[in-house]
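# Examination of the molecular architecture
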Amino acid sequence: MYETTYHRPSSVDEAAAMFAKGSESKYLAGGHTLIPVMKQRLASPSDVIDLGRIKELIGIEATGDSVTIKAATPHYDVASSGPVKSAIPALAYLASLIGDPQVRYRGTLGGSIANNDPSADYPAAVVALGATVKTNKRSIAADDFFKGLFSTALADGEIITQVSFPIPAKAGYSKFAHPASRFALTGVFVVKTKAGDVRAAATGASQSGVMRLPAIEAALKANWSAGALHNIRISADGLMSDIHGSSDYRANLIKVMAQRAVTAAG
């Protein structure tokens, strides 16, 4: 690694001030992205600002309408949370599938969506549930937050503080995981809102990262059942193609994972 200065702020305001003072600062959440790229000398920040010990960024709160997960909350806490399991069981299930136990104990919700890896699990839930991403400066709707491969609406130095998920009438998640990394070759999160609308999002499939699935949403709004998707055809245009699966393969996986997600949702 290159020489860097490590900081451990005790508040969001302190972290933001430290970031502004550095010539090339980076925030550290769980460290599963930043540390590996620093080891490979693909990043050489002047200052590393650790957000993981800031108490105001850790915790889960549930109300009658929403579940709010603070940004530095580990995946394990989401997966094992009673309020999350009760209000949005599909979200707890999604968190339980991320990586391995070591990753789930250290990785965080905020770090995951800020990085916006095209195969990460959380972006599918954020988009499908129509969540609101809150930062130290503003609130950002899910549909406006993800801007493409490893790209988000976050401004330089902006810190995610929490994500608020509306509680749906039904929700389900299914993913076809890479057997080694546990990243999603394709994962689909489906939601039926309390107002009767349907939202569906896929991760691991599109070259641009998380994607909405209009054809699946329309079919499920007309008939909430796995069978309603039997004749749906997903275009392979714009989907990833690599050694793990072709774009046509991923297009088929989107439909299959959507059907399984609907079945899981009930």
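This write-up is about the structure you can find in this document. Position labels on residues start from 1 in each chain and follow its written sequence. Whole-chain, interface and lining totals are the exception, using all residues; otherwise, since this is a predicted model, local features are given only for residues with pLDDT of at least 70 and side-chain atom pairs are given and counted only at 80 or more. Heavy atoms from the whole structure form the basis of all side-chain values; hydrogens and water molecules are not counted.

### So, the overall build of the protein
For the protein, the helix and strand inventory stands at eleven helices and 14 strands. The quantity called the radius of gyration is restricted to C-alpha atoms. Its globule counterpart is 2.2 Å times the number of residues to the power 0.38. Radius of gyration (C-alpha) of the protein: 18 Å, near the 18 Å computed for a compact globule of 266 residues. Viewed in the frame of its principal axes, the protein has a C-alpha envelope of about 55 × 45 × 30 Å. It only takes one pair of heavy atoms within 4.5 Å for two residues to be counted as in contact. A fraction of 58% describes how many contacts in the protein between residues 6 or more apart in sequence connect residues 24 or more apart. Total accessible area on the protein is roughly 12100 Å²; 50% of this is exposed by carbon and sulfur atoms. None of His or the chain ends enter the tally, which takes Lys and Arg as positive and Asp and Glu as negative. In this description, the location of a charge corresponds to atom NZ of lysine, CZ of arginine, CG of aspartate or CD of glutamate. Here the protein contributes 27 positive and 22 negative side-chain charges, whose respective centroids are spaced 6 Å apart. A run of H or I in DSSP counts as a helix once it spans at least four residues, and a run of E counts as a strand once it spans at least two, with each numbered from the N terminus. Only the protein chains shown count as covering a residue, and every accessible area follows the Shrake-Rupley method with a 1.4 Å probe.

### As for the environment of V12
Among the structural elements, V12 can be located in helix α1 (residues 12-21). Take V12: its relative accessible area is 5%, and that puts it in the buried class. When the C-alpha positions of V12 and T135 are compared, they lie 9.9 Å apart, and in sequence the two are 123 residues distant. V12 has contacts with I54, E56, L57, N136, I159 and T161, leaving out every residue within four places of it along the chain. Buried, partly exposed and exposed residues are distinguished by accessible area as a fraction of the type maximum, computed with a 1.4 Å probe on protein chains only: under 20%, between the cut-offs, and over 50%, respectively.

### Notes on the nonpolar core
Core analysis: the biggest nonpolar cluster contains 41 residues, and L91, I113, Y122, V126, F165 and F189 have the highest contact counts within it. Among the elements that make up this core, the one with the highest residue count is helix α8 (residues 122-128) (six residues). What is meant by a nonpolar core is a set of buried Ala, Val, Leu, Ile, Met, Phe, Trp, Tyr and Cys residues, joined one to another through side-chain atoms within 4.5 Å. Among the nonpolar cores identified, the runner-up in size contains 24 residues, and V198, L239, A258 and A261 belong to it.

### Quick notes on unusual backbone geometry
Negative phi is the rule for most residues except glycine; trans is the rule for most peptide bonds. Even without a glycine there, the phi angle at F150 is positive, about 55°. Within the secondary structure, F150 sits in the loop between β8 (146-148) and β9 (151-152). Of the residues examined, F150 reaches a relative accessible area of 45% and is grouped as partly exposed. The backbone of R182 shows a phi angle near 70°, a positive value even though the residue is not glycine. One can find R182 in the loop between β11 (170-177) and β12 (184-192). A relative accessible area of 34% places R182 in the partly exposed class.

### Considerations on the sheet that holds strand β10 (residues 160-166)
Pairing between strands requires that DSSP locate at least two bridges from one strand to the other. One open sheet holds the five strands; their spatial order is β4-β5-β10-β6-β7, and the pairing between them is antiparallel. Looking at strand neighbours, the two that pair on one side only are β4 (60-62) and β7 (139-141), the edges of this open sheet. This sheet shows a mean twist of 20° between the axes of neighbouring strands, independent of strand direction. When strand β6 (residues 132-135) meets β10, the two strands line up antiparallel, connected through four bridges. Looking across to β10, one finds that T135 is bridged to I160. The axes used here are C-alpha line fits, helices contributing only the stretch in contact, and every angle between their N-to-C directions lies in the interval 0 to 180 degrees.

### Concerning the pattern of salt bridges
Salt bridge criterion: a side-chain nitrogen from Lys or Arg within 4 Å of a carboxyl oxygen from Asp or Glu. The full count for this structure, using the stated rule, is eight salt bridges. For E61, the salt bridge identified is with K70, shortest N-O distance 3.6 Å. The exposure class of E61 is partly exposed, given its relative accessible area of 45%. Here K70 falls in the buried class, since its relative accessible area comes to 18%.

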